[in-house]
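Report on the structure
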Amino acid sequence: MSIEVSKIVQGVEPSATLAMSAKAKELKAQGETVYDLSVGEPDFNTPKHICDAAVAAMQAGHTRYTVASGIQELKAAICDDYQARFGLAYKPSQVVVSNGAKHSLHNAFFATLNPGDEVILPAPCWVSYAELIKLCGATPVIVSTSEEDSFKLTPEAFRAAITPKTRMLMLCNPSNPTGSCYTREELIELAKIVVDRDLFVVSDEIYDRLVYDSAPYSSFPTLMEGLYDRTIVVNGVSKTYAMTGWRIGWLLAPENVAKGIASLQSQQTSNPCSISQYAALAALKGDQECVAAMLKEFEKRRDYVMSRIEAIPGMSAPKTGGAFYAFFNIQNFLGMSYDGVQVDTDTDWCLELLKQKKVATVMGSSFSAPGYARASFAASIDTLKVAFDRIEEFVAIK
Ligand SMILES: Cc1ncc(COP(=O)(O)O)c(C=O)c1O
């Protein structure tokens, strides 16, 4: 008898962004120069003082199991950060530190959703939400947003999607993949519905410090009375401090939820890497100048990418307000032949762009938004320049 993969796992789609990155890496391994705009991670190295803290942690013997939900100092630092930036009072017992924000999201869903529950998921949405929700036996209800609305969920669309089974709104702000960033006023309109319809929210705020044009950022529980007890905030060090490989994320939740998640994690993975936790502590407690410097560079690239997209006749994208992605409309470039190859869908377009021009992007359909593509600008201006020159050439020959 051969081993069969379970029905639950059979239903899980592999991550399209990782798949596209893998394809780009495969080409690179064959000796090709690839202009990789598919990745969702900063191209900067982790700042030195953070790496130094990890070395010091190892040398000090912090190489053993920690409390499953994370070391007390890190949890306290996370609480201090939320108090300082948003005036939100959390206790360390409300924090669970995990193996990256993706793990925190899985924990949040697993600990709160029951089979049959519906989760409202505004699309375009990050690739993992729907799959993680399905793993819990719950149903993602994809609610499409429009380019005209800068891909933000409108109160009307939110209300219309609510059924008696709706339990949760999954919000990502700033958004991966669209880079859209809600204003406080827009969020308040959604929050009113959350409270009115007795829902709860998982608010993925992993890009909260990568917001452009000096725009203010509002963490979801700050919007109005009653949200603190209805919101699980997810965050981490991966994007802000260029620490994707260290695998540290966390969630802040009402005490009973955090307690349940801590128990879950104690059985499932135990603590996240002890050394990485000390590195994350140094990131939060150390000089924040490194974040400001990366933000400045990202903003320069955002402006550059927006200008390149704007300059291509027939292509469009709403202005990225946060994170490091441009989500551009390629509908005018489908249904035609590219060097003899018929390209009808966004997937064909991205694959052919990679094959013919060695530029890696990610197809919109993997974010539940066919007809679009995502380009990450976590790449140097030099790389972005060549990549967009090639995109321009690719669509110009039509
Ligand atoms: C919106 C969003 N949430 C969560 C994550 C996961 O972050 P981590 O690397 O900390 O697991 C990502 C990473 O791509 C992301 O884009």
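What you see is a predicted model; the values in this text were computed from it and never measured. (Residues numbered from 1 in each chain as written. Predicted model: local features only at pLDDT ≥ 70, side-chain atom pairs only at ≥ 80, totals over all residues. Heavy atoms only, no water.)

Next up on the list: the sheet that holds strand E6 (residues 200–204). Spatial strand order, E2-E8-E7-E6-E5-E3-E4: seven strands in an open sheet with mixed pairing. Both edges of this open sheet fall to strand E2 (95–98) and strand E4 (139–144), since each of them pairs with a single strand only. Between one strand axis and the next, the sheet turns through 20° on average, direction left out of account. As judged from the four bridges shared by E6 and strand E7 (residues 231–236), these two strands associate in the parallel manner. Bridge pairing links Ser-203 to Val-233 in E7. Against the sheet, helix H4 (residues 72–86) touches E2, E7 and strand E8 (249–252), its axis set at about 115° to E2. (Pairing = 2+ DSSP bridges. Helix = DSSP H or I, 4+ residues; strand = E, 2+ residues; numbered from the N terminus. Axes fitted to C-alpha atoms, helices over the stretch in contact; angles between N-to-C directions. Contact = heavy atoms within 4.5 Å.)

Within the secondary structure layout, Arg-230 lies in the loop between E6 and E7. There is a polar contact of 3.0 Å between the side chain of Arg-230 and the side chain of Asp-198. With residues near it in sequence (within four places) discarded, Arg-230 still touches Val-194, Val-195, Asp-198, Leu-199, Phe-200 and Val-201. (Polar contact = N/O pair within 3.5 Å; in protein donor to acceptor, adjacent residues only side chain to side chain.)

For the structure shown, the criterion picks out 24 salt bridges. Between Asp-43 and Arg-301 there is a salt bridge; the shortest N-O distance is 2.9 Å. Residue Asp-43 is located in the loop between strand E1 (35–36) and helix H3 (48–59), and its partner Arg-301 is located in helix H11 (residues 289–310); the two are separated by 258 residues in the primary sequence. You can call Asp-43 partly exposed: its relative accessible area is 36%. A salt bridge links Asp-81 to Arg-209, with the shortest nitrogen-to-oxygen separation between them at 3.2 Å. Here the residue Asp-81 occupies a position in helix H4, and Arg-209 occupies one in the loop between E6 and E7, the gap between them amounting to 128 residues. Neither residue differs from the other here; Asp-81 and Arg-209 are each classed as buried. Residues joined in a network through salt bridges with shared partners are Asp-213, Glu-299, Arg-302, Asp-303 and Lys-319. (Salt bridge = Lys/Arg side-chain N within 4 Å of Asp/Glu carboxyl O. Buried < 20%, exposed > 50% of the residue type's maximum accessible area, 1.4 Å probe, protein only.)

The ligand sits among 13 residues. The nearest are Ala-101, Asn-176, Asp-204, Ser-238 and Lys-239. Between the ligand and Asp-204, the relevant distance is 2.6 Å, taken from a nitrogen atom to a side-chain nitrogen or oxygen of the residue. Considering only residue class, the shell around the ligand consists of six nonpolar, three polar and four charged. (Near = heavy atom within 4 Å. Nonpolar A, V, L, I, M, F, W, Y, C, P; charged D, E, K, R; others polar.)

What follows covers the nonpolar core. Burial of nonpolar side chains together is a common tendency in soluble globular proteins. Formed by 85 residues in total, the largest nonpolar core has its most connected members in Leu-105, Phe-109, Tyr-129, Val-202, Met-315, Phe-324 and Trp-349. What Trp-349 contacts, discounting residues up to four positions off in sequence, is Met-315, Phe-328, Ile-330, Phe-333, Leu-334, Tyr-338, Val-343, Thr-361, Ala-373, Ile-391, Phe-394 and Val-395. Core analysis: the next-biggest nonpolar cluster, separate from the first, contains 34 residues, Ile-50, Ala-57, Ala-77 and Tyr-241 among them. (Core = buried A, V, L, I, M, F, W, Y, C linked by side-chain atoms within 4.5 Å.)

Here we take up unusual backbone geometry. With the exception of glycine, the majority of residues adopt a negative phi angle, and the majority of peptide bonds are in the trans configuration. Omega for the bond connecting Asn-173 with Pro-174 falls within 30 degrees of zero, at -5°, which places this linkage in the cis form. At the junction of Asn-176 and Pro-177, the peptide bond is cis and its omega measures out at 25° in the coordinates. Tracing the backbone shows Pro-177 in the loop between strand E5 (166–172) and helix H8 (184–196). The phi dihedral of Ser-214 is positive, around 55°, even though this residue is not glycine. For Ser-214, the position within the fold is in the loop between E6 and E7.

Centre distance and the angle of the planes are the two values used to describe a pair of aromatic rings. The full count for this structure, using the stated rule, is 18 aromatic pairs. Centroid distance Tyr-82 to Phe-86: 5.5 Å. Interplanar angle 50°. Geometry classified as tilted. With Tyr-82 and Phe-86 both in helix H4, this residue pair falls four residues apart, about one helical turn. For Phe-86, a relative accessible area of 15% translates into the label buried. Here the aromatic rings of Phe-327 and Phe-367 are separated by 6.0 Å at their centres, their planes lie at 80°, and the arrangement is edge-to-face. One end of the pair, Phe-327, is in strand E9 (residues 325–329); the other, Phe-367, is in the loop between strand E13 (362–363) and strand E14 (372–376), with 40 residues separating them in the sequence. When its relative accessible area of 0% is taken as the criterion, Phe-367 is described as buried. Three or more aromatic residues link up through ring pairs in this structure, and these residues are Phe-44, Tyr-207, Phe-298, Phe-324 and Tyr-325. In this structure, Arg-85 is placed above the aromatic ring of Tyr-82, and the distance from its NZ or CZ to the ring centre is 5.7 Å. The cationic tip of Lys-152 hangs over the ring face of Tyr-182; the distance from NZ or CZ to the ring centre is 6.0 Å. (Phe/Tyr/Trp six-rings, centres within 6.5 Å; stacked < 30°, edge-to-face > 60°. Lys NZ or Arg CZ within 6 Å of the ring centre and 35° of its normal.)

Helix length check: H3 (12 residues) gives 16 Å between terminal C-alpha atoms against 16 Å at 1.5 Å per residue, within 8%. For H3, the full list of buried residues reads Ile-50, Ala-54 and Ala-57. Within H3, the buried residues cover an arc of 60° as seen down the axis, which keeps them to one side. In H3, the exposed positions angled more than 90 degrees off the buried face are occupied by Lys-48 and Gln-59. Buried positions along H3 lie against helix H10 (274–285). After H3 finishes, the residue Gly-61 shows a positive phi value of roughly 90°. (Expected span 1.5 Å × (residues − 1). Arc of directions from axis to C-beta.)

Take the sheet that holds E9 next. Strand order across the open sheet formed by three strands is E9-E14-E13, with antiparallel pairing between neighbours. Each of the sheet's edge strands pairs with one partner strand only, and the pair in question is E9 and E13. One ladder, built from two bridges, connects E13 with E14; its direction is antiparallel. Across the sheet, Met-363 pairs through a bridge with Ala-373, a residue of E14.

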